[in-house]
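Structural characterization, general
Single-letter residue listing:
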Amino acid sequence: MLTKQLSIFLENKQGRLTEVTEVLGKAGVNLVAISIADNTDFGILRCIVSDPERAYEELKKERFTVKIHNVVKFVCPDTCGSLAKILRQLSDQGIFIEYMYSFSFAGSNEAHIVIRPTDIERCEAIIETLSV
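Now for a description of the structure that goes with this document. (Residues numbered from 1 in each chain as written. Predicted model: local features only at pLDDT ≥ 70, side-chain atom pairs only at ≥ 80, totals over all residues. Heavy atoms only, no water.)

What to know about the sheet that holds strand β4 (residues 65-77)
Two strands in a sheet stick together by hydrogen bonds in their backbones, pointing the same way (parallel) or opposite ways (antiparallel). Selection criterion: DSSP-based pairing: two strands are paired if at least 2 bridges between them are found. Runs of H or I in DSSP of at least four residues are treated as helices and runs of E of at least two as strands, each being numbered from the N terminus. Lines are fitted to the C-alpha atoms to define the axes, a helix being fitted only along its stretch in contact, and any angle between axes, read from their N-to-C directions, falls within 0 to 180 degrees. Any two residues whose heavy atoms approach within 4.5 Å are treated as being in contact.
Pairing is antiparallel across the open sheet formed by six strands, whose spatial order is β2-β3-β1-β4-β6-β5. Strands with a single pairing partner mark the edges of an open sheet, and in this sheet they are β2 (31-38) and β5 (97-103). Ignoring which end each strand starts from, the neighbouring axes of this sheet average 30° apart. Both strand β1 (residues 2-11) and strand β3 (residues 42-49) contribute to a ladder of six bridges, which runs antiparallel. By the bridge assignment for β3, L10 is matched with G43. Packed on one face of the sheet, helix α1 (residues 16-26) meets β1, β2 and β3 and runs near 135° to β1.

The following block contains the structure:
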């Protein structure tokens, strides 16, 4: 299913991640999933939140560089090889995945997968037809 993701660019310095979480907390926006990729100068915080538009506005007010992107989120059985079967089917149909991250809830038998494919609409249509 299509979902909104925030991408927040952060300088690699102490306290920047804390500042983001404080802004979101004060705005009443809950973090659902989070991923951080970094290099020597900056990091990209990617996250799924309870209210992406509100989060975007509040972060912009605090002068963060933030963008909203569409990503595809799907549920995968939390069993050996399930994700590999899904990725194989996407790959066989020409879907390239730029990046991915996942999360799960305690006691759940499912993993929630977030991907950024180059062709979001086609990827979403393919995932809707898959069986694992």
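After that view, the rundown keeps rolling.
As for the pairing of β1
In the case of a regular strand, side chains alternate between the two sheet surfaces. Across eight bridges, β1 lies against β4 in antiparallel orientation. When the sheet's bridge partners are listed, L2 is paired in β4 with V72.

Description of the pairing of β4
Where β4 and strand β6 (residues 110-117) come together, six bridges link them in antiparallel fashion. Looking across to β6, one finds that C76 is bridged to A111.

A word on the pattern of salt bridges
Our working rule: Criterion for a salt bridge: a side-chain nitrogen of Lys or Arg within 4 Å of a carboxyl oxygen of Asp or Glu. Exposed residues in this analysis have more than 50% of their type's maximum accessible area, buried residues have under 20%, and partly exposed residues fall in between, with area computed by a 1.4 Å probe over protein chains only.
Scanning all chains against the criterion turns up five salt bridges. Note that E58 and K61 form a salt bridge whose closest N and O atoms lie 3.2 Å from each other. Taken together, the residues E58 and K61, both in helix α2 (residues 52-61) and three residues apart, mark about one turn of the helix. Classification of K61 as exposed rests on a relative accessible area of 58%. Across the pair D92 and R88 runs a salt bridge whose closest N-O atoms are separated by 3.1 Å. In this pair, D92 and R88 are both assigned in helix α3 (residues 82-92), four residues apart and thus about one turn of the helix distant. Among the residues examined, D92 registers a relative accessible area of 56% and is labelled exposed. The structure contains a network of salt bridges with shared partners spanning E11, R16 and E19.

Looking at α2
Threshold: Taking the helix axis as origin, the arc is that swept by the directions to the C-beta atoms.
Restricting attention to buried positions, one finds in α2 the residues P52, A55 and L59. Seen along its axis, α2 keeps its buried residues to an arc of 60°; they face one direction. Packed against the buried residues of α2 are β1, α1, β3 and β4.

A short note on the nonpolar core
Rule in force here: Residues grouped as a nonpolar core are buried Ala, Val, Leu, Ile, Met, Phe, Trp, Tyr and Cys residues, joined through side-chain atoms within 4.5 Å.
Within the largest apolar cluster, 15 residues are counted, with the highest numbers of intra-cluster contacts made by L6, I8, V20, L24, V49, L59 and F64. For this core, the secondary-structure elements that each account for two or more residues are β1, α1, β3 and α2. Setting aside residues up to four positions removed in sequence, V20 forms contacts with I8, L10, L45, L59 and F64. Listed in part, the 14 residues of the second largest apolar core include F74, C76, I113 and I126.

Quick word on the side chain of S7
So the rule is basically this: Pairs of N or O atoms within 3.5 Å make up the polar contacts considered here, provided that, within protein, one atom can donate a hydrogen while the other can accept it, and that residues adjacent in sequence are counted only when both atoms are side-chain atoms.
Locating S7 in the fold gives a position in strand β1. Of the residues examined, S7 reaches a relative accessible area of 3% and is grouped as buried. For S7, the side chain forms a polar contact with the side chain of Q5, separated by 3.4 Å. Filtering out sequence-adjacent residues up to four positions away, S7 remains in contact with I44, L45, R46, T65, V66, K67 and H69.

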